[in-house]
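Architecture and fold: a report
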Amino acid sequence: MLRAEIKRLHNQRVVWQEGVYKRSNEALYEILEGCHTLLVQLRAELKLRKQLNEALEKEGFEVRSNTSIELKVVRAIFGAENNRIHAYTRVLQVAKKELPKNWTLKEWIEERDGVEEVRRTPKTGPSLAEKAKERRSKAEAVLYDTDAIGSRFKPSDNLQPLEGGDYGFSVALVRVDGDGKAAIVFGSNKNALVKAVLTEAGKQIEDDAGSADVPSKQSKKRKERDAVLDAEDQDFDADIDLAA
């Protein structure tokens, strides 16, 4: 009797896992995929980020300067604040750093065995301060010799590196006009500003270096299937040639 009941519940679990549960996860991954796509747009455009803040405030959420853009998006989409919201936020934050550029978010989450496994990704390695220092050192090494992104010019005094400062750089504020042309409208050699920009530059250099294509399971399967089909086509062509 007990054995039959366990077997019945086991079969019921299989139906649930392969049906409702699987479809539910697939639907969730599609929503998170949409959140990830939205985040790419928001990170690129200040105007959209301001609109998001206004929308959240209108819905009664408190918008703080230290609230991550990922949490803001998840709040806007899912509403209520709970542990799941923070799990989804963590998934989007990890994806920003680790999602290979030729993968979909759905493929990546499935590869990592689901939302909960991604959420548990350990925050190991150097501290934030140590990481920032590494990034500044990387940026200094790269940017001293890199090609300029605009025309070279004789700088004003406020664009001269700070005498006695820690860095041989200064910071420029650039305005882009309606005709698409840019102009430097402010400059500073303050150590704290240069330090912050070098840290961000080092992060960008690091991200660019780590964005090489990585094949997913799905893309591997597609390549294997294509290889089989190509081999079958070649065999078919060879048979025709022999028959002729």
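Heads up: these notes are all about the structure in this document. (Residues numbered from 1 in each chain as written. Predicted model: local features only at pLDDT ≥ 70, side-chain atom pairs only at ≥ 80, totals over all residues. Heavy atoms only, no water.)

1. A look at the pairing of strand 1 (residues 171-176)
Looking along a regular strand, one sees the side chains alternate between the two faces of the sheet. Heads up, the rule is: Think of it this way: DSSP has to see at least two bridges between two strands before they count as a pair. We count a stretch as a helix when DSSP gives it H or I for four or more residues in a row; a strand needs E for two or more, and each element gets its number in order from the N terminus.
Alignment of strand 1 against strand 2 (residues 182-188), held across six bridges, turns out to be antiparallel. Note on strand 2: the bridge partner recorded for Ala-172 is Gly-187. Between the antiparallel neighbours strand 1 and strand 2 lie five residues, among them Gly-180 with a positive phi of about 90°.

2. Re the packing of aromatic side chains
Stated formally: Only centres within 6.5 Å qualify two rings of Phe, Tyr or Trp (six-membered ring in Trp) as a pair; their planes then separate them into stacked at under 30 degrees, edge-to-face at over 60, and tilted for everything else. Partly exposed residues are those whose accessible area sits between 20% and 50% of the maximum for their type, while under 20% is buried and over 50% is exposed, using a 1.4 Å probe and protein chains only.
Taken as a whole, this structure holds two aromatic pairs when the rule is applied. Here Phe-78 and Tyr-88 contribute two aromatic rings whose centre-to-centre distance is 4.8 Å and whose plane-to-plane angle is 40°, an arrangement assigned as tilted. Placement of the pair is Phe-78 in helix 3 (residues 69-78) and Tyr-88 in helix 4 (residues 83-98), with a sequence separation of ten residues. Residue class for Phe-78 comes out partly exposed when judged on its relative accessible area of 27%. For Tyr-88, a relative accessible area of 10% gives the class buried. Ring geometry for Tyr-144 versus Phe-169: centroids 4.9 Å apart, planes at 35°, classification tilted. Separated by 25 residues along the polypeptide, Tyr-144 in the loop between helix 7 (128-143) and strand 1 and Phe-169 in the loop between helix 7 and strand 1 bring together distant segments of the chain. Since its relative accessible area comes to 18%, Phe-169 is described here as buried.

3. Remarks on unusual backbone geometry
Even without being glycine, Asp-113 reaches a positive phi, approximately 70°. Note that Asp-113 resides in the loop between helix 5 (105-111) and helix 6 (115-119). Classification of Asp-113 as exposed rests on a relative accessible area of 63%.

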